[in-house]
There are 4 protein chains.
Amino acid sequence: MTDSPDSNPWRGFASDNYAGVHPEVMEAIARANTGHQVAYGDDELTARLQEFARKEFGPRAEIFPVFNGTGANVVALQALTERWESVVCPATAHISADEGGAPEVMAGLKLWTVPTPDGKLTPALLDTEAWGFGFVHRSQPGVMSITQTSEYGTAYAREELQALADHAHELGLHVHVDGARLANAAATLGCTLAEAANGADIISLGGTKNGGMISEAVVVVNPDAARGVDFLRKTSMQLSSKMRFISAQLLALFDGDLWHRNAMHANAMAQLLAERVGAIGGVTITQVVQANAVFATLPADVTSRLQAEHRFYTWNEATGEVRWMCSWDTTADDIETFAASVAAQMSG
Amino acid sequence: MTDSPDSNPWRGFASDNYAGVHPEVMEAIARANTGHQVAYGDDELTARLQEFARKEFGPRAEIFPVFNGTGANVVALQALTERWESVVCPATAHISADEGGAPEVMAGLKLWTVPTPDGKLTPALLDTEAWGFGFVHRSQPGVMSITQTSEYGTAYAREELQALADHAHELGLHVHVDGARLANAAATLGCTLAEAANGADIISLGGTKNGGMISEAVVVVNPDAARGVDFLRKTSMQLSSKMRFISAQLLALFDGDLWHRNAMHANAMAQLLAERVGAIGGVTITQVVQANAVFATLPADVTSRLQAEHRFYTWNEATGEVRWMCSWDTTADDIETFAASVAAQMSG
Amino acid sequence: MTDSPDSNPWRGFASDNYAGVHPEVMEAIARANTGHQVAYGDDELTARLQEFARKEFGPRAEIFPVFNGTGANVVALQALTERWESVVCPATAHISADEGGAPEVMAGLKLWTVPTPDGKLTPALLDTEAWGFGFVHRSQPGVMSITQTSEYGTAYAREELQALADHAHELGLHVHVDGARLANAAATLGCTLAEAANGADIISLGGTKNGGMISEAVVVVNPDAARGVDFLRKTSMQLSSKMRFISAQLLALFDGDLWHRNAMHANAMAQLLAERVGAIGGVTITQVVQANAVFATLPADVTSRLQAEHRFYTWNEATGEVRWMCSWDTTADDIETFAASVAAQMSG
Amino acid sequence: MTDSPDSNPWRGFASDNYAGVHPEVMEAIARANTGHQVAYGDDELTARLQEFARKEFGPRAEIFPVFNGTGANVVALQALTERWESVVCPATAHISADEGGAPEVMAGLKLWTVPTPDGKLTPALLDTEAWGFGFVHRSQPGVMSITQTSEYGTAYAREELQALADHAHELGLHVHVDGARLANAAATLGCTLAEAANGADIISLGGTKNGGMISEAVVVVNPDAARGVDFLRKTSMQLSSKMRFISAQLLALFDGDLWHRNAMHANAMAQLLAERVGAIGGVTITQVVQANAVFATLPADVTSRLQAEHRFYTWNEATGEVRWMCSWDTTADDIETFAASVAAQMSG
């Protein structure tokens, strides 16, 4: 995935991180700013967030607000592993491809990466790396990490996810779900957040792309699988002193229907985009569009002309595949404008 | 430093992190929330923050917004060290005593800790651990890390700091200033932020305690000493996707006089507190009060009765020394109420 | 690669580590045992080893005896990388597949692993992961690590290696050669050890499999590429106090023709094994036999019956591919006995 | 401790690592060199070593041969700790002062170092750092690590050690004994090796200084306290392929009385040295001589003249304290020669 820094970012499709903060989240932040609160999470809003987590993810669940998705992932993976254990994940996983090596550099975690057609593991794909248990020469697989929705914008169906998680558990692996876009998954699957992470022992729950500012969390669903999250959040530089302001964002998004509204909207915009752009000759949509991402191939010269007008990423330099992301504030007008650009460049 | 979790935190003196966010910072955050901006720091506010940094810290300076002070410190120390190098710091340094071991756990950094009377290093104290260069059996000192103001609320005078930094540089060490409370130092010293970090190669610049929400930064003053800060910020899980909201806070605090107003106020409140409480028989102020911290000893039973009413930390269980912190929103009334409590308990 | 622990190891083909120590090496160890010598490498034998290294690998070369191959690799890779840099290597590389995750766990090194048909990288294969320079989200490739001879027993020709190294250098990567079996490579290529590592900046030079006891080394060929090897050897727990005994082994093997005799013999035995066993119907030799390894497929039931008699590894459970290693003390009789077993089991 | 590299090492007192290998150990190595053995510890000698360990350290004990003392320590400490836990040890501990930072750099272990008068912890000294349990800001003490005999050549009496270990266990800490010179401790205490490590959960058992070549081991006494030593030995680059040769050394030393003979001799030589040199005016023996080390102060100019003739270390540049080590092959003649030199220089 390479950048095109000189293009115009405004109303672009490069990332769902280009959007700002949803007004309801901003209001929640402002409301949290009243007088003194105990620092580091012993505040009222974080207590309320714990209640939400138990309601949503089960009575044993615990939630730990953190700063960003990489932080959530690295804390979660450490909590699930012994020092000598490793993680099996798709080759496209954010933890491998897009975190600058944070899991390895910070936590010494080896990743066994599996090539996949659509960013999703299957039991058979998991088996290609989940073996060698007890053999000291092979780094011991201890966790399966999957992304819901995946980096290709695809979603695991609930039963598919449960079957995969069951298979991992049978092998003795713990299950981590990178839910940077779990809201988009639940929206497309028509289920709850918890159901969209069926079988997970621990979840990285993402609020930032869904309309938050700095609003991620580690959710421990199965406390028997995870150790020391509170300590690891501190050592991993993810403990916010004025935590109430992160908790306020997470509550605003998830303890109500804002997450659903935002995700439904972003997903719908991606559908619209795929429809409009997929109808243009020479453009091929390469992945099924289930959430807020559209992947497509188009001629390289068209891509570069488009990138001069709209900022977006070339996902794969070799195939010319590009990625377009929709966010909670993408408008139908944005789509139509962009589709018109594509059509114009394609015929140009 | 142990916690007294059952006490009432409201308007307490446990930490300058209990305060909320200054209204001007909150407004700046709201103003930043307009439409799309490129993520990860390629936005307009972060560009303006760079201009501020060059204006304040010199034309070669670079600033890197991060999430928290521990993150700033760990990124900064990695940037200054080879894999085999270590850090000399006071035994009370936040990086050693209060970060859960983050520098060691995350970055593999050995800390050579030096006992000090007041939280400050001197050239002679530095020499007690800065030796053995070239001897492979001894972890190689590569950095001197000091805190301004120190964890004891004491400040290095400008010439004192310059002389210490010069000594470190002569030994071949780089100089890191943990400036979680650099504003309080500059305010008490009557100088600029840059002058309060005289001789530093790299600074952890803290905005959160000064009235921000999530607003810290690594400032590279001497680019010849630091390598790869942009990469290290990413691997250290400190790269904010919607960075404009951190930059907005830092600009609101530092590109103007808000930092100075807030620090002057907090410092003045600490002076008032020391005066009022120091005048009570049986209370001994143990450190010179230069910034927003007051350290004192008082009878253990008085301390526990007080902690039932006001949340604050016992700094040293053995000596009974306690720490009281003032913040940007501490009021004279808070001080008087607290001083009256101390007097009442002391005579009770 | 899974183990068959109940089989008989004697005169087996599981590993070239099953052999003992060559008598000439043993004599050298005994000769080194005379009185006091300065510890940690300031001894006469280690000084002589330095002379050998400069003679063999060039006037700027430096050699650092270490304990084992994993240690040599991890020290070498650290010396070539910044904290945020990663390593591109074949998916079969020992550093990825067979070191229990040591590079990641101990040194925080991300490995970008590339599937290959024969355990060897090509410029085009290197390109599949050596990209994204300057993009902080992608772990920065800093080193190309290849194995000579590869884990599949294949050798890079000298020109092939030079071209590959040149390509890596053009991309800004440093070049590491894992030479656990560099002697076997030089023997099969008919060249010197240095020529067999053409283009390397740093080499892990292996003596143990070649007839040593504990006798590995890091050889820095290009001091401009590697930093701090002496410190890293210490922090990586690879500094031997009585180093003279490792240096004595390395001198015995490499400062003369013992390495060549041993490697030629082991390679020849593998050729004989491939000939004898390859002639048996139902056995397919799967990799070109250039050094001391033979890879083959044969029916799964034959493999298990054979493993009851002779200890060896199934390399790939899915395909049934097995690995047979010859060592410096493998005899033609061993081969004939084994080939007879294979023939008997195949027709059984 | 700084080096004086230009002095003459022969028959010196710089380190017990300057001595060679005891002839009985050398013979054991030679005897181990018979044909093929399964690599990585599945060999007959390592099996016999396990029997010895159970006999000596209890029926649940397990022994893991490794390469060097730093390796043994780092493997042992990892096995006793969670990722967020730290180690309390004397400031003089080898793990802190003399391993180049290996515990921090390789294993991310924070060390809480305690100043001591004689290199030994007491319950009260342990308490100065073993606190803050459950408080995430303070790195969580998980292990007490002590050295027997200490780096000052002092020994913990058996009851002293048991009481200290009991205290540590009551605090919830595991107990690690760095037994690089455990033989010297057992010899001076008149007890078994196991008794000299009373209360330990895990021991770094040193053979190299006692007359071995490369012969250290991790001994797990309490398997309930230690996890994953076999995996950690591999990830920590301490797994020897031809392990039988290390096991042979350990058996030669410890499964019989060789360790005792060697340690008794070295200890006796240190006593003689202390007597002879302590009787010279101007020389002050600074630590009680219980094992094979003698610490003394003498005038700085005398020290430098002596170091021109005999290699030894200045332990403390500030006080002029020096260290003289005796080894298994130190002779009474060596002592007399050296004492004569001291006397001559002192009167010179």
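Residues numbered from 1 in each chain as written. Chains lettered and ligands numbered in written order. Predicted model: local features only at pLDDT ≥ 70, side-chain atom pairs only at ≥ 80, totals over all residues. Heavy atoms only, no water.

Concerning the domain arrangement of chain A
All names here are of chain A. Cut-off, in case you're wondering: Residue ranges assigned to each domain were obtained from an automatic or database domain assignment. By definition, residues are in contact when any of their heavy atoms lie within 4.5 Å. By convention, the term buried area covers the 1.4 Å-probe accessible surface removed from two parts as they join, with the contributions of both added.
Under the domain assignment used here, chain A contains domain 1 (23–254) and domain 2 (258–347). The straight-line distance from the C-alpha centre of domain 1 to that of domain 2 is 27 Å. The interface is formed by 25 residues belonging to domain 1 together with 21 residues belonging to domain 2. Sorting the residues of domain 1 by area buried against domain 2 places Tyr152, Asn184 and Ala187 first, and these three jointly supply 28% of that buried surface.

Topic: the interface of chain C and chain D
In plain terms, the rule: One speaks of a salt bridge when a side-chain nitrogen belonging to Lys or Arg is within 4 Å of a carboxyl oxygen belonging to Asp or Glu. Identification of polar contacts relies on pairs of N or O atoms within 3.5 Å, with a donor-acceptor requirement for protein atoms, meaning one able to donate a hydrogen and the other able to accept it, and with residues adjacent in sequence counted only if both atoms are side-chain atoms. Starting at the N terminus, helices and strands are each numbered in turn, a helix being any DSSP run of H or I of at least four residues and a strand any DSSP run of E of at least two. Residue polarity is assigned by list, with Asp, Glu, Lys and Arg as charged and Ala, Val, Leu, Ile, Met, Phe, Trp, Tyr, Cys and Pro as nonpolar; anything else, Gly included, falls into the polar class.
Across the boundary between the two partners, chain C contributes 55 residues, which contact 55 residues of chain D. Taking both partners together, chain C and chain D bury about 4,600 Å²; carbon and sulfur atoms supply 59% of that area. A per-residue breakdown of the area chain C buries against chain D is headed by His36, Met237 and Lys242 of chain C, which together make up 19% of the total. Here chain C is connected to chain D by two salt bridges. Counting every contact that joins chain C to chain D gives 26 residue pairs in polar contact (both at pLDDT 80 or more). Elements represented by at least two residues in the side of chain C that touches chain D include exactly helix H1 (23–31), helix H3 (69–80), helix H5 (102–107), helix H10 (229–235) and helix H11 (244–254) of chain C. Residue contributions to the side of chain C that touches chain D peak at four residues, all from H3 of chain C. In terms of residue class, the side of chain C that touches chain D is made up of 23 nonpolar, 21 polar and 11 charged.

A closer look at the pattern of salt bridges
It is possible for side chains of opposite charge to pair when their charged atoms get near one another. Rule in force here: Three labels apply to residues, based on accessible area from a 1.4 Å probe with only protein chains included: buried if under 20% of the type maximum, exposed if over 50%, partly exposed otherwise in between.
Scanning the entire structure with this criterion turns up 60 salt bridges over all chains. Ionic pairing is found between Arg261 of chain C and Glu24 of chain C, a salt bridge with its closest N-O pair at 3.0 Å. Pair noted here: Arg261 of chain C is in helix H12 (residues 258–278) and Glu24 of chain C is in helix H1, with a separation of 237 residues, a long-range link. Residue Glu336 of chain C is joined to Arg276 of chain C by a salt bridge in which the shortest nitrogen-to-oxygen separation is 3.0 Å. Placement of Glu336 of chain C in helix H14 (residues 332–347) and of Arg276 of chain C in helix H12 is noted, with a sequence separation of 60 residues between them. The class for Glu336 of chain C is partly exposed, based on a relative accessible area of 32%. Accessibility expressed as a relative area gives 34% for Arg276 of chain C, which makes it partly exposed. Look at the salt bridges and you will find they share partners, linking Glu82 and Arg227 of chain A together with Glu82 and Arg227 of chain D into a network.

Looking at the interface of chain A and chain B
On the chain B side, the residues contacting the 55 residues of chain A number 55 residues. Each partner contributes to the roughly 4,600 Å² buried at the junction of chain A and chain B, and carbon and sulfur atoms together form 59% of this total. On the chain A side of the contact with chain B, His36, Met237 and Lys242 of chain A bury the most area, a combined 19% of that side's loss. Seen at the junction of chain A and chain B, the total is two salt bridges. Of the charged contacts, one joins Asp42 of chain B and Arg311 of chain A as a salt bridge, the two residues approaching to 3.9 Å between their closest N and O atoms. The tally of links from chain A across to chain B stands at 26 residue pairs in polar contact (both at pLDDT 80 or more). When contributions to the side of chain A that touches chain B are tallied by element, the ones reaching two or more residues are helix H1 (23–32), helix H3 (69–80), helix H5 (102–107), helix H10 (229–235) and helix H11 (244–254) of chain A. With four residues, the single largest contributor to the side of chain A that touches chain B is H3 of chain A. Grouping the amino acids of the side of chain A that touches chain B by side-chain chemistry returns 23 nonpolar, 21 polar and 11 charged.

Quick look at the relation of the copies chain A and chain B
What counts is decided by this rule: For this overlay, a least-squares fit was computed on C-alpha atoms, restricted to residues scoring pLDDT of at least 70 in both copies.
By a simple turn and slide, chain A fits onto chain B: the slide is 0.0 Å along the axis, the RMSD is 0.0 Å, and the turn is 180°. Both copies of the chain, as the preceding transformation shows, are related through a two-fold rotation axis. Using C-alpha coordinates, one finds that chain A approaches the rotation axis most closely at Met106 of chain A, a distance of 2.4 Å. Here 100% of the contact residues of chain A are again contact residues in chain B; the copies associate through an equivalent surface.

So, the relation of the copies chain C and chain D
Mapping chain C onto chain D is achieved by rotating through 180° and translating by 0.0 Å along the same axis, at an RMSD of 0.0 Å. Taken as a fraction of all interface residues of chain C, those also at the interface in chain D reach 100%, which identifies the copy contact as same-surface.

Observations regarding the sheet that holds strand S9 (residues 293–297) of chain C
Residue and element names in this part refer to chain C. Stated precisely, the cut-off is as follows: One bridge is not enough; two strands pair if DSSP finds at least two bridges between them. Between the N-to-C directions of two axes lies an angle of 0 to 180 degrees, each axis being a line fitted to C-alpha atoms and, for a helix, fitted only over the stretch in contact.
As summarised here, the arrangement of the four strands in space is S8-S9-S11-S10, forming an open sheet in which the pairing is antiparallel. A single partner strand is all that each edge strand has here, and the edge strands are strand S8 (284–285) and strand S10 (313–316). Inspection of the sheet shows S9 paired to strand S11 (residues 321–325) by five bridges, in the antiparallel sense. Looking across to S11, one finds that Phe295 is bridged to Arg323. Sheet strands in contact with H12 are S8, S9 and S11, and its direction is about 20° off that of S9.

Here we look at H1 of chain C
Counted only if it meets this: The directions from the helix axis to the C-beta atoms form the arc being described.
For H1 of chain C, the complete set of buried residues consists of Val25, Met26, Ala28 and Ile29 of chain C. Here the buried residues of H1 of chain C occupy an arc of 160° about the axis, which is enough to place them on one side. In this fold, the buried residues of H1 of chain C make contact with H11 and H12 of chain C together with helix H1 (23–31) and helix H11 (244–254) of chain D.

So, helix H2 (residues 44–57) of chain B
Residues and elements named next belong to chain B. Let me state the cut-off plainly: By definition here, a helix of n residues has an expected span of 1.5 Å times n minus one.
Compared with the 20 Å implied by 1.5 Å per residue over 14 residues, the 20 Å span of H2 between its first and last C-alpha is a close match. The elements touched by buried residues of H2 are helix H1 (23–32), strand S1 (62–66), helix H9 (193–196), strand S6 (202–206), strand S7 (216–220) and helix H11 (244–254). At the N-terminal end of H2, a side-chain oxygen is found 3.0 Å from the backbone nitrogen of Leu45, two or three residues along, and the residue is Asp43. Once H2 ends, the next one or two residues include Gly58, with phi positive near 110°.

Overview of the packing of H11 of chain A against helix H12 (residues 258–278) of chain A
Residue and element names in this part refer to chain A. Operational definition: An angle counts as roughly parallel when it lies under 35 degrees, as roughly antiparallel when it exceeds 145, as roughly perpendicular when it falls between 65 and 115, and as oblique in every other case.
The contact between H11 and H12 brings their axes to 5 Å, and the two run at 70°. Classified by the interaxial angle, the pair formed by H11 and H12 is roughly perpendicular. Of H12, the residues touching H11 (which contributes Ala252, Leu253 and Phe254) are Leu258, Trp259 and Asn262. Of the residues contributing to the contact of H11 with H12, the split by class is five nonpolar, one polar and no charged.

Some words on the sheet that holds strand S8 (residues 284–285) of chain A
Here four strands make up an open sheet; going across it, the order is S8-S9-S11-S10 (chain A) and the pairing antiparallel. Looking along the sheet, the strands with just one partner apiece sit at the ends: S8 and strand S10 (313–316) of chain A.

Some details on the confidence of the model for chain A
All names here are of chain A. Put simply, the rule is: Confidence of the predictor at the level of single residues is given by pLDDT, which spans 0 to 100.
When pLDDT is averaged across chain A, the result is 95; 97% of the residues are at 70 or more. Scored below 50 in pLDDT, residues 1–9 makes 30 contacts in the model with residues more than four places away or belonging to other chains. In the predicted assembly, ipTM is 0.96 and pTM is 0.96.

Examining the nonpolar core
As a reminder, the rule being used: Nonpolar cores are built from buried Ala, Val, Leu, Ile, Met, Phe, Trp, Tyr and Cys residues. Side-chain atoms within 4.5 Å join them into one set.
Within the largest apolar cluster, 115 residues are counted, with the highest numbers of intra-cluster contacts made by Met144 of chain C together with Leu121 and Met144 of chain D. With residues up to four places along the chain from it excluded, the contact list for Met144 of chain C reads Val88, Leu121, Leu126, Leu164, Ala165, Ala168, Leu173, His174, Val175 and His176 of chain C. Membership of the second largest hydrophobic core comes to 111 residues, among which are Leu49, Ala168 and Ile246 of chain A together with Leu253 of chain B.

Things to note about the environment of Ala47 of chain C
In this structure, Ala47 of chain C sits in helix H2 (residues 44–57). Sequence-wise, Ala47 of chain C and Ile63 of chain C are 16 residues apart; in three dimensions their C-alpha atoms are separated by 9.8 Å.

Points about unusual backbone geometry
Note that the residue after Gln148 of chain B, namely Thr149 of chain B, is joined by a cis bond; omega there is -10°. Of note, Thr149 of chain B is situated in the loop between strand S4 (140–147) and helix H7 (158–170). Even without being glycine, Tyr40 of chain C reaches a positive phi, approximately 60°. Note that Tyr40 of chain C resides in the loop between H1 and H2.

So, the pairing of strand S2 (residues 85–90) of chain A
Residue and element names in this part refer to chain A. Counting buried positions over the six residues of S2 gives six, a clear majority of the element. As paired elements, S2 and strand S4 (residues 140–147) share four bridges and run parallel to each other. Opposite Glu85, over in S4, you have Gln140 as the bridge partner. One ladder, built from four bridges, connects S2 with strand S3 (residues 111–114); its direction is parallel. Along S3, the bridge assignment pairs Pro90 with Val114.

A look at the side chain of Asn184 of chain A
Residue and element names in this part refer to chain A. With respect to the element layout, Asn184 can be found in helix H8 (residues 182–189). Take Asn184: its relative accessible area is 5%, and that puts it in the buried class. Setting aside anything within four residues of it in sequence, one finds Asn184 in contact with Thr149, Ala263, Ala266, Asn267, Ala291 and Asn292.

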